[in-house]
Amino acid sequence: MLSFLLHAKKISLLFLILSILAVVQSGCWDRVEIEDLGIVLGTGLDKGEDNQIRLIVQLAVPTEMGGGPQQVGRGKKPTFTVIGTGETVYDALVDVQRQFSDRIFFGHNRVLIIDEELAKEGIAEYIDFFVQHPQPRLRALVIVSKNAEEALKTETSKDLSSSQALEEIVQLLKSGIRITLKDVFQMLRQEGESVVLPWVQASDNEGEQENVQVKGAAIFDGDQLIGTIDFELKKGLLWLRDEMDLQSISVNPEEADGYITFHLIRSKTNLLPSIEGGNWKITVEIEQENEIVENQTTLDTSTEKVKRELEKDLNKTVEQQIRKTLEKVQKEMKTDAFGFAEAFERKYPKRFAQEKDHWDEIYPEVEVEINVTSRIRRIGMTTNQVGKLPKEVKEE
């Protein structure tokens with residue numbers, strides 16, 4: 001009996017060892033070596049012939065990416081593009097894969113650039129693909145361009161791909177609009193919320209190094225692009241959305257010739273809705289702190305009188321920027337890119353639910369009152385322009 005038990009234990013131990021060896025030797029059956037992957041850095045979508053979708057894929061050349069300053073200017077491109085077409089995005093992706101021997105991998109995709117003409121027809125179905133597909137990063141930036149293919153193919157002045165350059169521009173230029181795939185997906189599912197995306201374009205300056213530049217913002221109604229606004233109008237949009245961060249503001253004081261430029265330290269915007277009878281109103285309360293970074297005038301900015309007048313000038317300048325944006329987006333485009341609907345729904349849920357179906361008619365007529373409070377916290381190392389005598393503002 002004892003010998004039988006020992007024999008059984010030996011068989012069990014042998015079986016366990018063989019099982020472990022089988023697992024170890026087999027490894028990951030679907031593993032793909034990194035050198036066999038086509039690493040996608042950026043993707044673009046535009047319209048092809050016969051209403052087909054064109055998928056522009058920007059792929060990395062690993063041996064030409066980075067490597068330190070000694071490799072800059074070596075004349076070799078760090079990326080190349082492959083274009084596929086199909087009835088759907090996935091059809092186009094299969095077409096891309098047919099042209100490329102390595103397996104296409106979206107895990108490092110940084111940006112999705114959508115062509116303007118395609119965006120005018122609607123973007124929901126394309127966003128759905130990139131959200132449903134297991135590989136693309138949900139934190140990839142979504143951008144609109146006049147020409148998606150050109151934006152992806154543009155060579156940059158640094159040793160970067162256009163996808164990397166765009167990501168850096170939007171990240172560093174905090175006055176830009178940074179919207180990810182996840183953000184767009186959530187916006188499209190939120191009733192009454194308009195999508196606003198960065199609007200970029202490849203520079204066309206002859207004789208200069210081409211670059212991709214943020215030109216303004218693309219405004220959507222639902223999932224359809226209805227227009228774009230330039231960089232100046234975008235400032236008003238960012239104030240209203242409480243997304244203003246890194247920004248310069250220049251004022252031309254009435255009391256002196258020249259400009260004084262301020263750097264925005266911080267700001268806070270609150271939208272305060274009110275309904276009185278049939279009158280819908282939003283009061284915009286903005287508080288901001290600034291520092292003087294350049295003074296071209298003879299004004300002595302160290303005096304309280306000058307600082308008070310400059311703060312009034314700042315208030316007026318910000319309000320003018322917002323008014324221009326409201327005229328374009330609220331009155332002309334008639335799309336709620338500012339979150340007014342959300343503000344009313346949050347404060348008046350029952351009333352908004354009753355009027356929700358008529359919001360498109362109510363929104364363009366919403367009265368907007370703007371109250372800006374500016375504070376100058378720092379005046380810089382000098383209080384007036386070098387070489388000029390200081391001048392004070394006369395007491396009223």
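The structure displayed is predicted, hence computed values, not measured ones. (Residues numbered from 1 in each chain as written. Predicted model: local features only at pLDDT ≥ 70, side-chain atom pairs only at ≥ 80, totals over all residues. Heavy atoms only, no water.)

Undergrad: Sorry if this is basic, but what is going on with the sheet that holds strand β13 (residues 367-378) here?
TA: Strand pairs in the sheet, formed through backbone hydrogen bonds, run parallel or antiparallel to each other. One open sheet holds the 4 strands; their spatial order is β10-β11-β12-β13, and the pairing between them is mixed. Each having just a single partner strand, β10 (248-251) and β13 make up the two edges of the open sheet. The sheet shows a mean angle of 40° between the axes of neighbouring strands, taken without regard to direction. For strand β11 (residues 260-276) and strand β12 (residues 279-295), the ladder comprises 16 bridges, and the chain directions are antiparallel. Across the sheet, the residue bridging to Leu 272 is Thr 283, located in β12. Against the sheet, helix α8 (residues 231-240) contacts β10, β11 and β12, and its axis sits at roughly 60° relative to β11. Helix α10 (residues 340-347) contacts β11, β12 and β13 of the sheet and is inclined by roughly 50° relative to β11. (Pairing = 2+ DSSP bridges. Helix = DSSP H or I, 4+ residues; strand = E, 2+ residues; numbered from the N terminus. Axes fitted to C-alpha atoms, helices over the stretch in contact; angles between N-to-C directions. Contact = heavy atoms within 4.5 Å.)

Undergrad: Would you explain the nonpolar core in this entry?
TA: Soluble globular proteins tend to pack their nonpolar side chains together in the buried interior. Judged by nonpolar contacts, the single largest core of 84 residues is most densely connected at Leu 45, Phe 130, Phe 220, Leu 237, Phe 340 and Trp 359. Among the elements that take part in this core, helix α9 (residues 304-333) stands out by supplying 8 residues, more than any other. If you look at the next biggest cluster of nonpolar residues, it comprises 11 residues, including Ile 56, Leu 152, Val 200 and Val 212. (Core = buried A, V, L, I, M, F, W, Y, C linked by side-chain atoms within 4.5 Å. Buried < 20%, exposed > 50% of the residue type's maximum accessible area, 1.4 Å probe, protein only.)

Undergrad: Which parts of the structure should I look at to understand unusual backbone geometry?
TA: Residues other than glycine predominantly adopt negative phi, and peptide bonds predominantly adopt the trans conformation. Non-glycine residue Asp 50 carries a positive phi angle of around 55°. Checked against the element boundaries, Asp 50 lands in the loop between β1 (37-47) and β2 (53-60). One non-glycine residue, Lys 334, lies in positive phi territory at about 55°. With respect to the helices, strands and loops of the structure, Lys 334 is situated in the loop between α9 and α10.

Undergrad: I keep staring at helix α2 (residues 89-98) and nothing clicks. Help me out?
TA: What α2 keeps buried is the set Val 89, Ala 92, Leu 93, Asp 95 and Val 96. One side of α2 holds all its buried residues, which, seen down the axis, span an arc of 160°. Turning to α2, the residues buried within the fold contact β1, β2, β3 (79-86), β4 (103-105) and α4 (124-132). (Arc of directions from axis to C-beta.)

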